[in-house]
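# Structure assessment
Spelled out from the first residue to the last, the chains are:
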Amino acid sequence: MSTLLEIRDLTVGVGEKIILRGLDLTINAGETHVLMGQNGTGKSTLASAIMGNPAYTVRSGSILFEGEDITNETADKRARRGLFLSFQNPEEVPGITLENFMRTAKSAVTGEKPRVMQFRKDMNAAMDKLNMPQGYASRELNVGFSGGEKKKAEILQLLLLNPKLAILDEADSGLDVDAIRIVSDGVRRYRNEGNALLIITHNAKLVEELTVDYVHVLDQKKISLTGSAELITRITEGGFAGLGDNKADKGGASASREAQ
Amino acid sequence: MEIKLKELNALPVRTWHRLGVNGNTVETSADDTLSYSVTRSALPDIVTETNAEELRCAEFRTAVGEEATEYIRRESNAGVRVRARRGYEVEKPVTARYSLRSGALLDDNIIFAEAGSSLTVVLIFDAFNGKPCFHGGSTRIIAENCATVNLIQIQTLNNASTHISDVSAIIGNGASVNVTQIELGGASATVGCHLKLEGNTASARADTFYFGNGDRRLDFNYIARHLGDGTTSSLTASGALFDRCDKTYRGTLDFIRGAAGSKGAEIENTLLFSPDARNRSAPLILCEEEDVEGSHAASIGKIDANKLYYMQSRGLSEVEAKRLLVTAQLETVLKNVPGEEERERLRDYLSGRIKANALR
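Bear in mind the structure is a predicted one, so any value in this text is a computation, not a measurement.

### Topic: the overall build of chain A
A count of helical and extended segments in chain A gives 10 helices and 12 strands. Along the longest, intermediate and shortest principal axes, the C-alpha atoms of chain A span 55 × 40 × 35 Å. A burial count over chain A gives 54% of its 260 residues as buried. In chain A, of all internal contacts separated by at least 6 residues, the share reaching a separation of at least 24 is 69%. Carbon and sulfur atoms make up 44% of the accessible area of chain A, which amounts to about 11,200 Å² in all. Counting 32 positive and 35 negative side-chain charges, chain A places the centres of these two groups 4 Å from one another.

Structure (structure tokens):
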């Protein structure tokens, strides 16, 4: 099993404020990880740091992707290596159609210009699976999209770009029950033995159709607890407070192995 | 020949001189001999030639200024003068493409849409070589009741040329005039548009895209004058400034007493790519009438960091993302340009102009 992502002793801040301190995490190909935690514990910060958001500064530690240090790489280089982030609040970009943007992105990550007809065919097929009317392809990127439509457009990008590691930052927030099912189905279609997922969520619904390998709880600026899928049920039923002292005992990648 | 034109693009209400937005002066020279080629589309049967005599009762106002428009009309050596017959919708656009070699091209254009007709006119100004040329244009539009006029002006002159364009429209009851101006070239471009919404429920749009790099000087003056009841106007200007480009935009919504229920909106989106580029904006809303809505929105500055990061997270390099964002601005006005061939030419032209080093 090859290691895709390895985070070692990572400390991340915004300005003077430290949000993550000494965090470790390892994700191998073929694994699905779920990251949970109370609001404001730094889950989105971790996603941003992995993707290379310049608003966040890595103070120390390192991020390795397929064994290579990407800590100081820009987001586009990371994307071309096979990293993908589904944004919690995707940006609206007037003037660029979803199709045009996707074709440009596909060309950027693969290094080859996709053939127009084949790309359109693939895109239409993916949109059908996500129950998205094909008219969305010619709409301006995320402009005037509802919250749910934006989330579907993110999953559409996931399916078309087919990254090695996808991070989904609250891909289910703002979605109704049916839309969660569609998004969950889309995520399931993406997953295979060669790629991996890191899902940030508060909602068990999104992951109940997926085989979850590890669940991590983020607290006190680091991963305080790692367990199996059963941890989601415990958190859903008893909240984070119900986890008690376990949080203090286990942490990081090594803990993942023990939990399994 | 020496050309000096003063008090161009005057702000309807003058402000402090030190702000530098009250008006503009153009001083340039061009060869005495005019050399150019023109390609014009054949006029459909339902469109006839017209002349200035037919406009004698119309009271046009100018945005660029009396001195310049009088000069252009007096010395005019070209022009499209068309009249669409009552009730006919002219599907095929009337197009004139000028390619300048040298000298001063002065085109006096008249677009007359009789009641209930609709007409699209495309004027393209290009240059063959790097020789400094002068283009001065005056376009007068009459849209009678319930008529529609679409005017598309495209300017891709060379970097040594000077361009002046004045558009003045009188819009009748239920009529609409839509002006699209794409300003990509020239050392200096002075563009003005006066939209007189005379009839009730008349509507007007002015959509502009500009690209400024090097030492280019761009000067815009848009005026929507609301006279009739329930009139609507929309003035939108988008573009990108690089290097030491100097741009001034004036946008005026003028609601005259009696224009009850009228609405006007002006929007400006300017992307700044250089600390040495200079952008000046003078939005103005004048109200004599109480029952009106006028709005102004502006976004002027560097590319939004979050948008850039979002695009980079999909694999686009910073340069590619910026290029796509500038192209996206062009795409919003290309929707108004008839003909895929011309749209493709403009995409290629802009792409050629956006050099990677200009985006860093």
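### Remarks on the overall build of chain B
Of the regular secondary structure elements, chain B holds 5 helices and 19 strands. Compactness check: chain B gives a C-alpha radius of gyration of 20 Å against a globular reference of 21 Å for 360 residues, within 12% of the reference. Taken along its principal axes, the extent of the C-alpha atoms in chain B is 55 × 50 × 40 Å. Looking at chain B as a whole, 58% of its 360 residues are labelled buried. Relative to all contacts within chain B whose residues are 6 or more apart in sequence, the contacts with residues 24 or more apart total 85%. With an accessible surface of roughly 14,200 Å², chain B has 45% of that area assigned to carbon and sulfur atoms. Computed over 42 positive and 48 negative side-chain charges, the separation of the two mean positions in chain B equals 4 Å.

### Re helix H4 (residues 116–129) of chain A
Residue and element names in this part refer to chain A. For H4, with 14 residues, the first-to-last C-alpha span of 20 Å sits near the 20 Å given by 1.5 Å per residue. Turning to H4, the residues buried within the fold contact helix H3 (98–110) and helix H5 (147–161). Positive backbone phi, at 60 degrees, marks Asn131, one or two positions downstream of H4.

### Examining the sheet that holds strand S2 (residues 17–28) of chain A
All names here are of chain A. Strands sit in the order S2-S1-S4-S5 across an open sheet of 4 strands; the sheet is antiparallel. This sheet does not close on itself; its edge strands, each paired only once, are S2 and strand S5 (68–69). Pairing geometry for strand S4 (residues 57–65) and S5, over 2 bridges, is antiparallel. Counted as the bridge partner of Leu64 is Asp69 from S5.

### Some remarks on the interface of chain A and chain B
Contacts between the two partners involve 33 residues from chain A and, on the opposite side, 20 residues from chain B. For the pair chain A and chain B, the two sides together bury roughly 1,900 Å², of which 66% comes from carbon and sulfur. It is A:Phe87, A:Glu91 and A:Phe101 that lose the most area in chain A upon contact with chain B, and together they represent 27% of the buried surface on that side. Counting the contacts that link chain A with chain B gives 1 salt bridge. One salt bridge connects B:Arg314 with A:Glu154, and the closest N-O pair in it is separated by 2.7 Å. Between the two partners, chain A and chain B, sit 9 residue pairs in polar contact (both at pLDDT 80 or more). Only helix H1 (43–51), helix H2 (75–81), strand S6 (83–86), strand S7 (93–97), H3, strand S8 (140–141) and H5 of chain A provide two or more residues apiece to the side of chain A that touches chain B.

### Quick look at the pattern of salt bridges
According to the stated counting rule, one finds 33 salt bridges over all chains in the structure shown. Salt-bridge contacts for A:Asp185 lead to A:Arg188; the nearest nitrogen and oxygen are separated by 2.6 Å. Taken together, the residues span about one helical turn, with A:Asp185 and A:Arg188 both in helix H6 (residues 177–190) at a distance of 3 residues. Look at A:Arg188 and you get partly exposed, because its relative accessible area is 40%. Taken together, the shared-partner salt bridges in this structure form one network comprising B:Glu331, B:Glu340, B:Arg343, B:Glu344 and B:Arg347.

### Section: a positive patch on the surface
Residue and element names in this part refer to chain A. Taken together, the side chains of Lys17, Arg21, Arg59 and Lys221 define a basic patch exposed on the protein surface. Following the sequence through the fold, Arg21 ends up in strand S2. Owing to a relative accessible area of 47%, Arg21 belongs among the partly exposed residues under this scheme.

### A few points about the environment of B:Val319
With respect to the helices, strands and loops of the structure, B:Val319 is situated in helix H3 (residues 318–334). Since its relative accessible area comes to 12%, B:Val319 is described here as buried.

### Remarks on unusual backbone geometry
The phi dihedral of A:Lys221 is positive, around 70 degrees, even though this residue is not glycine. Take A:Lys221: it is sitting in the loop between strand S11 (214–219) and strand S12 (222–227).

### Regarding the packing of H3(A) against H4(A)
All names here are of chain A. For the pair H3 and H4, interaxial distance at closest approach is 11 Å and the crossing angle is 110 degrees. Viewed along their axes, H3 and H4 adopt a mutual orientation that is roughly perpendicular. Pair H3 / H4 crosses with right-handed handedness. Taking contact as the criterion, the partners of Leu98, Glu99, Met102, Arg103 and Lys106 in H3 are, on H4, Val116, Phe119, Arg120 and Met123. Partitioned by chemical class, the residues of the contact of H3 with H4 number 5 nonpolar, no polar and 4 charged.

### Some thoughts on helix H1 (residues 66–74) of chain B
Residue and element names in this part refer to chain B. What H1 keeps buried is the set Ala68, Thr69, Tyr71 and Ile72. Down the axis, H1 shows its buried residues gathered within 160 degrees of arc, on one side only. For H1, the secondary structure elements touched by its buried residues are strand S1 (2–8), strand S6 (94–113), strand S8 (133–143) and strand S10 (162–171).

### Observations concerning the packing of aromatic side chains
On inspection of all chains with the given rule, the structure shows 11 aromatic pairs over all chains. A centroid spacing of 4.8 Å and a plane angle of 85 degrees characterise the contact between A:Phe87 and B:Tyr310, whose relative ring orientation is edge-to-face. Here the residue A:Phe87 occupies a position in the loop between S6 and S7, and B:Tyr310 occupies one in helix H2 (residues 305–312), the pair thus bridging two chains. You'll find A:Phe87 and B:Tyr310 in the same group, each marked buried. Arranged with centres 5.4 Å apart and planes meeting at 5 degrees, the rings of B:Tyr98 and B:Phe125 form a pair that is stacked. Linking B:Tyr98 in strand S6 with B:Phe125 in strand S7 (residues 118–127), this pair joins segments that are 27 residues apart in sequence.

### Section: the pairing of strand S1 (residues 3–14) of chain A
Remember that side chains alternate between the two faces of the sheet whenever the strand is regular. Residues and elements named next belong to chain A. With 8 bridges connecting them, S1 and S2 associate as antiparallel partners. Bridging from a neighbouring strand, Gly13 pairs with Ile18 of S2. Hairpin connection from S1 to S2: 2 residues lie between these consecutive antiparallel strands, with Gly15 at a positive phi of about 60 degrees. Direction of pairing for S1 relative to S4: antiparallel, over a ladder of 7 bridges. Bridge pairing links Arg8 to Ser62 in S4.

So, how was this worked out
Just so you know, the residues in each chain are numbered from 1, in the order the chain's sequence is written. Following the order in which they are written, the chains are lettered starting with A and the ligands numbered starting with 1. The predicted nature of this model means local features are confined to residues of pLDDT at least 70 and side-chain atom pairs, given and counted, to a pLDDT of 80 or more, with totals for whole chains, interfaces and linings taken over all residues. The side-chain numbers reported here are obtained from all heavy atoms of the structure, hydrogens and water having been left aside. Think of it this way: any DSSP run of H or I at least four residues long counts as a helix, any run of E at least two long counts as a strand, and we number them from the N terminus. The classification of residues rests on relative accessible area computed with a 1.4 Å probe and restricted to protein chains. Under 20% of the type maximum is buried, over 50% is exposed, and intermediate values are partly exposed. In what follows, residue pairs with any heavy atoms lying within 4.5 Å of each other are defined as contacts. Here the Shrake-Rupley method, with its probe set to 1.4 Å, supplies the accessible areas, and only the displayed protein chains count as covering residues. Charge assignment in this entry is limited to Lys and Arg as positive and Asp and Glu as negative, and neither His nor the chain termini are counted. The location of each charge is read from NZ of Lys, CZ of Arg, CG of Asp or CD of Glu. For a compact globule the rule gives 2.2 Å times the number of residues to the power 0.38, and the radius of gyration it is set against comes from C-alpha atoms. Here, expected helix span is obtained from the residue count minus one, scaled by 1.5 Å. Only when DSSP finds a minimum of two bridges between them are two strands counted as paired. Defined here as a combined quantity, buried area equals the accessible surface (1.4 Å probe) lost by two parts on assembly, summed across both. By convention in these notes, a salt bridge is any Lys or Arg side-chain nitrogen within 4 Å of a carboxyl oxygen on Asp or Glu. Two N or O atoms count as a polar contact when they lie within 3.5 Å, although within protein this holds only if one can serve as hydrogen donor and the other as acceptor, and sequence-adjacent residues are included solely when both atoms are side-chain atoms. For patch building, the residue pool is restricted to those with more than 30% relative accessible area and no salt bridge; the joining distance is 9 Å between like charges and 5 Å between nonpolar side chains (Val, Leu, Ile, Met, Phe, Trp, Tyr). Note on geometry: axes are C-alpha line fits, over the in-contact stretch for helices, and angles between N-to-C directions span 0 to 180 degrees. In these notes the angle categories are as follows: under 35 degrees is roughly parallel, over 145 is roughly antiparallel, 65 to 115 is roughly perpendicular, and the rest is oblique. Left-handed describes a crossing whose near helix is turned anticlockwise from the far helix by less than a right angle; the clockwise case is right-handed. Note on residue classes: Ala, Val, Leu, Ile, Met, Phe, Trp, Tyr, Cys and Pro are nonpolar, Asp, Glu, Lys and Arg are charged, and everything else, Gly too, is polar. The arc in question is formed by the directions pointing from the helix axis toward the C-beta atoms. The rule is short: rings of Phe, Tyr and Trp, with Trp giving its six-membered ring, pair when the centres are within 6.5 Å, and they are stacked under 30 degrees, edge-to-face over 60, tilted in between.

Spatial relationships are all this shows, so hold off on functional conclusions.
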